[in-house]
Amino acid sequence: MNGLELFGYFGSLLVAISLMMSNLKKLRWINLFGSSTFATYGLLIKAWPVFLLNGWIAAVDIFYLWLLYRQRDQFSLIELDLNYDKSKLAQLFVGQYQNDIKRFFSRFSIHKLNECLLIITFRNLKPCGLLAYQLLEKNGETKAWIELDYVSPEFRDYKNAEVVFLTLKERLKQAGVKSIETLGGHQAHEQYLLRIGFTQSSDPSIFEMKDI
């Protein structure tokens, strides 16, 4: 197998990987790189059907990525007045994504949600995230403890976090809360926490956001 064949296989692999993406932007980007690579391969070996088909797919990906980046998402945050056991909306959301939630939050317990304030995030009228937090007294200071900060796979692009934490910090400031803590445990979730402004505390399993 020569280098040119490996180049073609690489393009095919990227196209295949893109079809497994739940996030639409990731799907389009990876598919764009894959189809562009495979189109180049078709051009180099003068396989014109391969070149034309994949060149067209790449052009379609570029067009839809342009539309995606021009789109202005509309966010709505609804703070639930009911606890989890009485909120059908929260139950439906958790029921839909329960397996994925447990993948990122191995210590997650539905029962703990009854002790929390719940915020459901809607993005373009679609329920996409659930934030559950409670206020705790620790060393004479009131802190916010996030029990769950989950976003459905389709919307994991950090836009939700920007909107939710901007709103949350304003509410906590009004309540005299100056810091937020939450539990790590999953590598991807810990990377997310670091990216949005949390730091690892003296206890490596706990991440904190100070001076909100």
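Conventions we followed
Residues numbered from 1 in each chain as written. Predicted model: local features only at pLDDT ≥ 70, side-chain atom pairs only at ≥ 80, totals over all residues. Heavy atoms only, no water. Helix = DSSP H or I, 4+ residues; strand = E, 2+ residues; numbered from the N terminus. Rg over C-alpha atoms; globule rule 2.2 N^0.38 Å. Buried < 20%, exposed > 50% of the residue type's maximum accessible area, 1.4 Å probe, protein only. Contact = heavy atoms within 4.5 Å. Areas by Shrake-Rupley, 256 points an atom, 1.4 Å probe, with all protein chains shown as cover. Lys, Arg positive; Asp, Glu negative; His and termini not counted. Charge placed at Lys NZ, Arg CZ, Asp CG, Glu CD. 1 Å grid on protein atoms, 1.4 Å probe; cavity = no way out; pocket = protein on both sides within 12 Å on 5 of 7 lines; lining within 4 Å. Points joined across faces, edges and corners; volume = space filled by probe spheres on them. Nonpolar A, V, L, I, M, F, W, Y, C, P; charged D, E, K, R; others polar.

(A) Highlighting the overall build of the chain. Secondary structure summary: the chain contains six helices and seven strands in total. Here the C-alpha atoms of the chain give a radius of gyration of 22 Å, more than 25% beyond the 17 Å that 2.2 N^0.38 yields for 212 residues. For the chain, the C-alpha atoms occupy an extent of roughly 75 × 35 × 30 Å along the three principal directions. Counting across all 212 residues of the chain, residues that qualify as buried make up 39%. Taking as baseline every contact in the chain between residues at least 6 positions apart, the subset at least 24 positions apart corresponds to 59%. Surface accessibility of the chain: about 12,700 Å² in total, with carbon and sulfur atoms responsible for 58%. The distance from the centre of the 24 positive side-chain charges to the centre of the 21 negative ones in the chain is 5 Å.

(B) Expanded view of empty space enclosed by the protein. A full pass over the atoms with the stated rule returns one cavity of 30 Å³ or more. Here the largest cavity defines a volume of roughly 70 Å³. Together, Ile119, Thr121, Gly129, Leu130, Leu131, Asp149, Tyr150, Val151, Asn160, Ala161, Val164 and Tyr192 line the largest cavity. Elements with a contribution of two residues or more to the lining of the largest cavity: β2 (117-123), β3 (126-138), β4 (141-151) and α5 (159-174). Taken together, the residues of the lining of the largest cavity break down into eight nonpolar, three polar and one charged.

(C) Representation of the layout of surface pockets in the model. Put simply, the largest pocket is a space of about 610 Å³. Lys26, Arg156, Asp157, Tyr158 and Tyr192 are, among the 22 residues lining the largest pocket, the residues nearest its centre. Put simply, the parts of the chain that give the lining of the largest pocket at least two residues each are α2 (24-44), β4, α5 and α6 (187-195). In terms of residue count, the dominant contributor to the lining of the largest pocket is α6 (four residues). Per-class residue counts for the lining of the largest pocket are twelve nonpolar, four polar and six charged.

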